[in-house]
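Here are the chains, one letter per residue:
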Amino acid sequence: MDKTWVLLFCVYALVNLVVFGMYAADKAKAKKGAWRTPEIKLMTAGAVGIIGALLGMVVCHHKTKKPLFAVGLPVIFFAEIALAAVVYFKFIR
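Residues numbered from 1 in each chain as written. Predicted model: local features only at pLDDT ≥ 70, side-chain atom pairs only at ≥ 80, totals over all residues. Heavy atoms only, no water.

Our next topic: the nonpolar core. Val19, Tyr23, Leu42, Met43, Ala45, Ile50, Ala53, Met57, Phe69 and Leu73 together form the largest nonpolar core, which totals 10 residues. At the level of elements, helix H1 (3-32), helix H2 (39-48), helix H3 (50-60) and helix H4 (67-92) are the ones that each hand at least two residues to this core. What leucine 73 contacts, discounting residues up to four positions off in sequence, is Tyr23, Met43, Gly46, Ile50, Ala53, Leu54, Met57 and Leu68. (Core = buried A, V, L, I, M, F, W, Y, C linked by side-chain atoms within 4.5 Å. Buried < 20%, exposed > 50% of the residue type's maximum accessible area, 1.4 Å probe, protein only. Helix = DSSP H or I, 4+ residues; strand = E, 2+ residues; numbered from the N terminus. Contact = heavy atoms within 4.5 Å.)

Here is the structure:
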């Protein structure tokens, strides 16, 4: 595997770890009744690190009843998969 792909994978993994941390931290704040992360920030972070956001929803049981997240994040996930497939088949392969 080319070093560039390894670096990209590591950066993507780190971004998703940070996004997961954002969802976990917001859930902890919700339990304490503390100041919360605005939903727009969580959703934007989810668009960048979709795997971390989905894992944060499932593992931490956070935002699972909010339609914006329960529907929006899976839509973003499938859109990113479709975009990755287009980029792969059109430019990489």
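Still more to cover.
The next thing to look at is the confidence of the model for the protein. Of all residues in the protein, 99% have pLDDT values of 70 or greater, and the mean over the chain is 95. In the model of the protein, H4 stands out as the element of lowest mean pLDDT, 95, in contrast to H3, which has the highest, 97. (pLDDT = per-residue confidence, 0-100.)

For the coordinates displayed, the defined rule picks out three salt bridges. Measuring nitrogen to oxygen at the nearest pair gives 3.2 Å for the salt bridge that ties aspartate 26 to arginine 36. Note that aspartate 26 is positioned in helix H1 and arginine 36 in the loop between H1 and H2, a separation of 10 residues in sequence. A residue is classified by how much of its surface remains accessible, and arginine 36, at 32% relative accessible area, is partly exposed. Its salt-bridge partner being glutamate 39, residue lysine 63 comes within 3.0 Å of it at the nearest N-O pair. Taken as a pair, lysine 63 in the loop between H3 and H4 and glutamate 39 in helix H2 lie far apart in primary sequence, 24 residues in all. With a relative accessible area of 27%, glutamate 39 lands in the partly exposed category. Here the residues in one salt-bridge network are Glu39, Lys63 and Lys66, joined through shared partners. (Salt bridge = Lys/Arg side-chain N within 4 Å of Asp/Glu carboxyl O.)

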